[in-house]
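Examination of the molecular architecture
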Amino acid sequence: MEKFKTILSSAVPLAIENVDTDQIIPARFLKATTRDGFGENLFRDWRYDKAGNPKEDFVLNQSVYKGSILLAGKNFGSGSSREHAAWAIFDYGFRVVISSFFADIFKNNSLNNGLLPVQVSDTFLQDIFDAVSKDPATKIKVDLEAQEVSILASGKSEKFEINGYKKECMLNGYTDIDYLLNLKDKIEAYENARS
């Protein structure tokens, strides 16, 4: 996994609430067993018409919006436990999803795959949406170490919560196995002391 410290980026605003995992990556694309290639089908049914042509009104098809931050409506990632949803968002190029509420399973799948779910208040989420609507180039700073997200243009910021273990894993680029391997010397010392 890549190390995560700070992201400074513009954001892509998906102002839709209650987005479930089947909307993020439809079930018909879940046949692969590796994480690669899922990004091309991210929000597939919203991005393309039945003939496979991009829908101009969908935000991911609008060139004015770019960046490694997905700004999402409340209750993002509900529905079935589908790790592929986090894979698709990450594979597309997003490193952060900001919302005012995440489904727990989606949040955990994201953290396990290097995608940072940042939960902010409804008010601050609206502040970010407003700033991006006013200027699509608005920069958002997400500082994992400080656990803070900021709108650079206005100076507004808000702290966010994250599990301490998952924070350490993301800061160091550890998977769960990498974390245990990092502790190998301490584990062996403990075992040797008890034998």
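In the block above lies the structure referred to throughout.
Quick summary incoming for the structure in this document. Here the structure is a predicted model, which is why all the values come from computation and not from measurement.

1. Looking at the side chain of Arg47
Structurally, Arg47 can be placed in helix α2 (residues 44–47). Here Arg47 occupies a buried position and makes no salt bridge, while the nearest side chain of opposite charge, Glu40, is found at 8.6 Å. Side-chain polar atoms of Arg47 contact the backbone oxygen of Glu40, separated by 3.4 Å. In this structure Arg47 touches Gly39, Glu40, Asn41, Leu42, Asn53, Pro54, Lys55, Phe58, Leu60, Asn61 and Tyr92, once residues within four positions along its chain are discounted.

2. Focus: the environment of Thr6
Position of Thr6 among the secondary structure elements: in strand β1 (residues 6–9). Between the C-alpha atom of Thr6 and that of Gly79, which follows or precedes it by 73 residues, the distance is 29 Å. Beyond its immediate sequence surroundings of up to four residues, Thr6 is in contact with Lys141, Val142 and Asp143.

3. Notes on the packing of aromatic side chains
This model, assessed by the stated rule, comprises ten aromatic pairs. Seen in terms of ring centroids, Phe43 and Trp46 are 5.7 Å apart; in terms of plane orientation they differ by 5°. Their pairing is stacked. By relative accessible area, which is 23% here, Trp46 ends up partly exposed. With 5.3 Å between their ring centres and 80° between their planes, Phe76 and Phe106 make a pair best called edge-to-face. You can see Phe76 sitting in the loop between β3 (69–72) and α3 (83–92) and its partner Phe106 sitting in helix α4 (residues 104–112), a full 30 residues away along the chain. Judged on exposure class, the residue Phe76 and its partner Phe106 are both buried. Grouping aromatic residues by their ring pairs yields a cluster made of Phe43, Trp46 and Phe58. Its guanidinium or amino end placed over the ring of Tyr48, Arg44 lies 4.4 Å from that ring's centre, counting from NZ or CZ. Between the NZ or CZ atom of Arg95 and the centre of the ring of Phe90, over which it lies, the distance is 3.6 Å.

Thresholds applied
Residues numbered from 1 in each chain as written. Predicted model: local features only at pLDDT ≥ 70, side-chain atom pairs only at ≥ 80, totals over all residues. Heavy atoms only, no water. Helix = DSSP H or I, 4+ residues; strand = E, 2+ residues; numbered from the N terminus. Buried < 20%, exposed > 50% of the residue type's maximum accessible area, 1.4 Å probe, protein only. Lys, Arg positive; Asp, Glu negative; His and termini not counted. Salt bridge = Lys/Arg side-chain N within 4 Å of Asp/Glu carboxyl O. Polar contact = N/O pair within 3.5 Å; in protein donor to acceptor, adjacent residues only side chain to side chain. Contact = heavy atoms within 4.5 Å. Phe/Tyr/Trp six-rings, centres within 6.5 Å; stacked < 30°, edge-to-face > 60°. Lys NZ or Arg CZ within 6 Å of the ring centre and 35° of its normal.

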